[in-house]
Amino acid sequence: MAPVYLGLCLLLGGASAAGFLANGMLQFLGLICILIVVLTNSLPALRGDARTLLILLGAAGALLAFELIPLPPFLWSILPGRDWVVDGYAAMGIDRPWLPISLAPDGTLMTLTSLIVPVAMALLIFASTGYGRIYCVFVMIAIAVLSIFLGVLQRMQGPDSLYYIYEITNRGGVVGFFANRNHLATFLLMTLPFIGALAADPKSASRSTDRDDSRVGRLMITGCLALLLAVGVVIVGSAAGWFLLLPTIFGAVAVLVRSEKGRVPPALVQTGLFVAVVCLVAAIVAPLQVNDLGDKLSGINPQLRNMSIRTTAMAALDYLPFGSGAQSFSLIYPHYEDAANASLEFMNHAHSDYVEVFLEHGIPGLVLIGAALYFWVRQTGKQWRKGKGEPLTRASFIAMGVLFAHSLVDYPGRTAAIAALFAMSAAMMVAPASEEMPSWQTKHRRRSRGKKSARRIEIALSDQ
């Protein structure tokens, strides 16, 4: 079920508010998947990091539920940032009702239900065999390629192209199955490390001539796919995508080299880290203000982007410690926007997920983000140390890093497609080992499967 559900999420979940019907269907299907996995007892024993991942998802849900608890008037009215709400009821001569912490309870409830998709995806990965996880990667790559070709058709036909899926989108640009070209760039970048994983042969040290031939063919195919995805990121025209492309390529190469050679050369690590830091800083502070270059690359003027981040950060201080509630940004931001510098563009997000989480969820939101980052960083030694990790788990590590980095200047994780892909990567990184894995993707699990088969033969002979 995991490959099918992932494919549906990537095809139908490319927008947040603009795709509410499709998102509702994905949530309904996700709820069915959760029930099937739980009721059929398909989950293996989850320990350690796998259990931690589910705890993090549960904590996110608990935080959203906490923001929806109705509070008595004397309690919610003393929360920071509620003065204008109190004044509004006083001006209308209406008694203050019981209200939750969230100033946008409907939006908070929608955010809570949107967690169904990543939870379902994580559980499906945990319940899948090694082959099921490989098929998820195949589905992801296939849809990434389709997205590029669909985007080329969109670009060729211009703003009025019938190939655009969403009414509100970057018309005239390359968006594929998404509404926002930046999110398509995120999708393509997160797919690249898995190309490196598919190209790897963990048994390369003991290759035969036949295996050499198959490896050459595999490298040719995966190399062409990687080149296509890289070109796709370029033609999408996302500024963040451009800056993150080179570090992601380094990550994909590291996945390949580590899987085949058993270690990543220090020179590659140092160069990759240097390039990643430089590109990440450049993506945040680079002055892309020459004519309309910012609009062409990012879909938004960089001055407006920086202004929205600063304004949101200042507003967040007024709503500490609990924030203003999920999806309340569009309600809060106009109160702090400088009228002299206001734009005709509708700011539905802060263009930095971290700052927006700070506004909407306050200190608990920052703690949750910190816990997620710590969970990811802890995997560094577990995935890259000698004798640890597998190609797919290391690719998942890089894919998660791409989303963490892109979220500094955008909000890709708020679409069902990227949320499902992120959950798949996180779950695949910490999922229990599966004996059913293609021999060219592991050098250990296949051996344990052989021992189990030999034991079965021995038992069968003794019965006779």
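All chains use their own residue numbering, which begins from 1 and follows the written sequence. Only residues with pLDDT of 70 or above have their local features reported here, since the model is predicted, and side-chain atom pairs are shown and tallied only from 80 upward, although totals for entire chains, interfaces and linings are computed over all residues. For the side-chain quantities, the full set of heavy atoms in the structure was used; hydrogens and water were omitted.

Draft legend 1. Summary view of helix 5 (residues 83-92). For each residue, the accessible area found with a 1.4 Å probe, counting protein chains only, is set against the maximum for its type, and the residue is called buried under 20%, exposed over 50%, and partly exposed in between. Each helix is a run of H or I in the DSSP string that is no shorter than four residues. Each strand is a run of E no shorter than two, and both are numbered from the N terminus. Three or more residues of helix 5 are buried, namely Val85, Val86 and Tyr89. All buried residues of helix 5 project into a common sector of 100° when viewed along the axis, lining one side. Seen from the open side of helix 5, the exposed residues pointing more than 90 degrees away from its buried face are Asp83, Asp87, Ala90 and Ala91. Pairs of residues are marked as contacts when any of their non-hydrogen atoms sit within 4.5 Å. Tucked into the core, helix 5 has its buried residues touching helix 4 (73-76). The arc in question is the one spanned by the directions pointing from the helix axis to the C-beta atoms.

Draft legend 2. Expanded view of the side chain of Ser161. Its location among the elements puts Ser161 in the loop between helix 8 (130-157) and helix 9 (181-199). For this analysis, a polar contact is any N or O atom pair within 3.5 Å, provided that within protein one partner can donate a hydrogen and the other can accept it, and provided that sequence-adjacent residues contribute only side-chain to side-chain pairs. A polar atom in the side chain of Ser161 sits 3.1 Å from the backbone nitrogen of Tyr163. Excluding its chain neighbours within four sequence positions, the residues that come into contact with Ser161 are Leu153, Gln154 and Arg171.

Draft legend 3. Structural detail: unusual backbone geometry. The step from Leu320 to Pro321 runs through a cis peptide bond, and the omega angle for that step is 10°. Tracing the backbone shows Pro321 in the loop between helix 14 (302-317) and helix 15 (329-336). For Asn41, which is not glycine, the phi dihedral falls at a positive 55°. Along the chain, Asn41 turns up in the loop between helix 2 (20-39) and helix 3 (48-67). Given the relative accessible area of 66%, Asn41 is considered exposed. Notably, Gln327 is not glycine yet its phi reads approximately 65°, a positive angle. The class of Gln327 is partly exposed, set by a relative accessible area of 37%.

Interpretation note: all reported values are geometric properties and have no functional meaning in isolation.
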